[in-house]
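Breakdown of the fold
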Amino acid sequence: MPVARFRSVVLDCPDPRALADFYAQVGGGTPQAEDDDWVVLQVPDGPRLAFQRAEGFTPPEWPRADRNSQQFHIDFDAGATWEEIDAAHAEVVSLGATPLDLEDREKKDFQVYADPAGHPFCLCRIEHP
């Protein structure tokens, strides 16, 4: 029996509304602002993401193992073909994502980006049965 039930993944950021809007466009859902410092996004068939204002926020650095490392990242299933991944790439870049690692995608089956606040996330190629 679990000790507790999973509730949210919370991302610190300088602008909770803007980052929630970014992830809503990437993964779906409608951001719900509790106030200027806390916005919640329930991703359809996915996790609840929350965004909290952090004054003096310093974005993680990828890849980095010593200080200010990524600490975690979010993976998105962007399709089964590289054509679907390429289309998703164009969309996330147009929304403000920054490519971090697009090399060796055939070997790795993923590409790494930073969201507008600098958190890493991946577009993954997932083969569907």
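The structure under discussion appears in the preceding block.
Residues numbered from 1 in each chain as written. Predicted model: local features only at pLDDT ≥ 70, side-chain atom pairs only at ≥ 80, totals over all residues. Heavy atoms only, no water.

1. A few points about the state of the cysteines
The tally for this structure, following the rule as stated, stands at zero disulfides. Left unpaired, C13 is separated from the closest cysteine sulfur, that of C122, by 19 Å. The closest cysteine sulfur to the non-disulfide-bonded C122 is located on C124, 5.3 Å from its own sulfur. By relative accessible area, C122 is classed as buried at 6%. (Disulfide = S-S within 2.5 Å. Buried < 20%, exposed > 50% of the residue type's maximum accessible area, 1.4 Å probe, protein only.)

2. Some thoughts on the sheet that holds strand β6 (residues 98-101)
Read across the sheet, four strands follow the order β5-β8-β7-β6 without closing on themselves; strand pairing throughout is mixed. Lying at the two open borders of the sheet, with one neighbouring strand each, are β5 (74-79) and β6. The mean angle between the axes of side-by-side strands here comes to 35 degrees, regardless of whether they run parallel or antiparallel. Bridge count for β6 against strand β7 (residues 110-114) is three bridges, and the pairing is antiparallel. Counterpart to T98 in the pairing with β7 is A114. Contacts from helix α1 (residues 16-27) reach β5 and β8 (120-125), with the element oriented near 35 degrees to β5. (Pairing = 2+ DSSP bridges. Helix = DSSP H or I, 4+ residues; strand = E, 2+ residues; numbered from the N terminus. Axes fitted to C-alpha atoms, helices over the stretch in contact; angles between N-to-C directions. Contact = heavy atoms within 4.5 Å.)

3. A short note on α1
Because each turn of an α-helix spans 3.6 residues, side chains separated by three or four positions in sequence point in the same direction. Between its first and last C-alpha atoms α1 spans 16 Å; for 12 residues at 1.5 Å apiece the expected length is 16 Å, and the two agree. Taken residue by residue, α1 has P16, L19, A20, F22, Y23 and A24 as its buried positions. One or two positions beyond α1, positive phi appears at G28, with a value near 95 degrees. (Expected span 1.5 Å × (residues − 1).)

4. Here's the deal with helix α2 (residues 82-94)
Between the first and last C-alpha of α2 there are 18 Å, a value that for 13 residues agrees with the 18 Å anticipated at 1.5 Å per step. Listed in full, the buried residues belonging to α2 are W82, I85, A88 and V92. Buried residues along α2 cover an arc of 115 degrees about the axis, so they all sit on one side. In this structure, α2 carries E83, E91 and S94 as exposed residues pointing more than 90 degrees from its buried face. Along its buried surface, α2 packs onto α1, β5, α3 (105-108), β7 and β8. Looking one or two residues past α2, G96 carries a phi angle of roughly 120 degrees, positive in sign. (Arc of directions from axis to C-beta.)

5. Describing the pattern of salt bridges
Evaluation of the coordinates by the stated rule reveals four salt bridges. For D21, the salt bridge identified is with R17, shortest N-O distance 3.6 Å. Of this pair, D21 and R17 both sit in helix α1, four residues apart, which is roughly one turn of the helix. Here R53 and D37 are joined by a salt bridge, their closest N and O atoms 2.7 Å apart. Placement of the pair is R53 in strand β4 (residues 48-53) and D37 in the loop between β2 (32-35) and β3 (38-42), with a sequence separation of 16 residues. Accessibility expressed as a relative area gives 30% for R53, which makes it partly exposed. (Salt bridge = Lys/Arg side-chain N within 4 Å of Asp/Glu carboxyl O.)

6. With respect to the nonpolar core
Formed by 24 residues in total, the largest nonpolar core has its most connected members in L19, Y23, F51, F121 and L123. Secondary structure elements with two or more residues in this core: β1 (9-13), α1, β3, β4, β5, α2 and β8. What L19 contacts, discounting residues up to four positions off in sequence, is L11, C13, F51, D115, P116, A117 and H119. (Core = buried A, V, L, I, M, F, W, Y, C linked by side-chain atoms within 4.5 Å.)

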